[in-house]
Amino acid sequence: MTTDVDIWTGTYEELPLGACEESDHLIDGNAIDAFADAIQSYNPIHMDGDWTRANTNYPDRIAHGVMTTALMSKPLVQFCERFKIRTALLSTSSKFTRPVVAGDTITPVFPLVEKIDDRKRIRFYV
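Quick notes on the rules
Residues numbered from 1 in each chain as written. Predicted model: local features only at pLDDT ≥ 70, side-chain atom pairs only at ≥ 80, totals over all residues. Heavy atoms only, no water. Helix = DSSP H or I, 4+ residues; strand = E, 2+ residues; numbered from the N terminus. Rg over C-alpha atoms; globule rule 2.2 N^0.38 Å. Buried < 20%, exposed > 50% of the residue type's maximum accessible area, 1.4 Å probe, protein only. 1 Å grid on protein atoms, 1.4 Å probe; cavity = no way out; pocket = protein on both sides within 12 Å on 5 of 7 lines; lining within 4 Å. Points joined across faces, edges and corners; volume = space filled by probe spheres on them. Nonpolar A, V, L, I, M, F, W, Y, C, P; charged D, E, K, R; others polar. Arc of directions from axis to C-beta. Contact = heavy atoms within 4.5 Å. Phe/Tyr/Trp six-rings, centres within 6.5 Å; stacked < 30°, edge-to-face > 60°. Pairing = 2+ DSSP bridges.

With respect to the overall build of the protein
Now for step 1: Check the secondary structure of the protein and you find 5 helices and 5 strands.
Now for step 2: From first element to last, N terminus to C terminus, the protein shows the α and β order β-β-α-α-α-α-α-β-β-β.
Now for step 3: Since a compact globule built from 126 residues should have a radius of gyration of about 14 Å, the 18 Å found for the protein marks it as more spread out than a globular shape.
Now for step 4: Across its three principal directions, the C-alpha atoms of the protein cover 55 × 35 × 25 Å.
Now for step 5: Per-residue burial over the protein gives 28% buried out of 126 residues.

A short note on the layout of surface pockets
Now for step 1: Taken as a whole, the largest pocket encloses approximately 1,600 Å³ of empty space.
Now for step 2: Within the lining of the largest pocket, the residues separate by chemical class into 26 nonpolar, 14 polar and 8 charged.

A short note on helix α5 (residues 73-82)
Now for step 1: Taken together, the buried positions of α5 are P75, L76, F79 and C80. Buried residues of α5, viewed axially, fall in a sector of 140°; they line one side.
Now for step 2: Residues of α5 that are buried sit in contact with β1 (20-22), β4 (109-116) and β5 (121-124).
Now for step 3: One or two residues past the end of α5 sits K84, with phi positive at roughly 55°.

Here we look at the packing of aromatic side chains
Now for step 1: Using the criterion set out here, one finds 4 aromatic pairs in the structure.
Now for step 2: Both rings, one in F79 and one in F83, keep their centres 4.8 Å apart while their planes meet at 45°; by these two values the pair is tilted.
Now for step 3: Among the residues examined, F83 registers a relative accessible area of 6% and is labelled buried.
Now for step 4: Judged by centre distance (4.8 Å) and plane angle (85°), the ring pair of F79 and F124 falls under edge-to-face. With F79 in helix α5 and F124 in strand β5, this pair connects stretches of sequence that are 45 residues apart.
Now for step 5: A relative accessible area of 0% places F79 in the buried class.
Now for step 6: Of the residues examined, F124 reaches a relative accessible area of 18% and is grouped as buried.

Structural notes on the pairing of β5
Now for step 1: Two strands pair when backbone bridges link them, and β4 and β5 are joined in this way by 4 bridges, in the antiparallel orientation. Looking at β5, one finds that L112 is bridged to F124.
Now for step 2: The turn linking β4 back onto β5 is made up of 4 residues, and K120 within it adopts a positive phi angle of 50°.

A word on the environment of V100
Now for step 1: In this structure, V100 sits in the loop between α5 and β3 (104-106).
Now for step 2: Its relative accessible area of 12% is what places V100 among the buried residues.
Now for step 3: Separated by 48 residues in the primary sequence, V100 and T52 have C-alpha atoms spaced 13 Å apart.

Some points on the pairing of β4
Now for step 1: In terms of strand pairing, β1 meets β4 through 3 bridges, oriented antiparallel. What sits directly across from E22, in β4, is V109.

In structure tokens form, the structure reads like this:
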């Protein structure tokens with residue numbers, strides 16, 4: 001439920017650097033299966049826990065790297081909704097530092113780190 005306190009009435013110039021959104025995501029087998037179906041990618045490292053344990057050092061199957069990148073959309077959308085920003089995502093960059101194993105929870109955190117005033121663009125760091 002939205003109250004008057006929740007409604008942003010500020011301007012681009014008033015967007016606070018450091019404002020942040022985050023979102024928890026449980027990466028379970030059902031989520032991995034749904035993503036595999038969406039992108040038609042069925043490598044056994046993603047689909048078969050027994051195969052993954054027998055053939056890798058991972059304790060269970062792992063999520064597709066691009067799945068974890070896609071889950072960054074939710075906090076970005078939440079930020080834009082909170083501050084009434086209508087925009088398009090222009091670019092992203094990802095670095096995969098470790099696998100996300102079935103059963104892990106990831107929490108993408110989006111702090112606003114820069115405002116590019118001449119073009120009214122904003123930049124986040126995840």
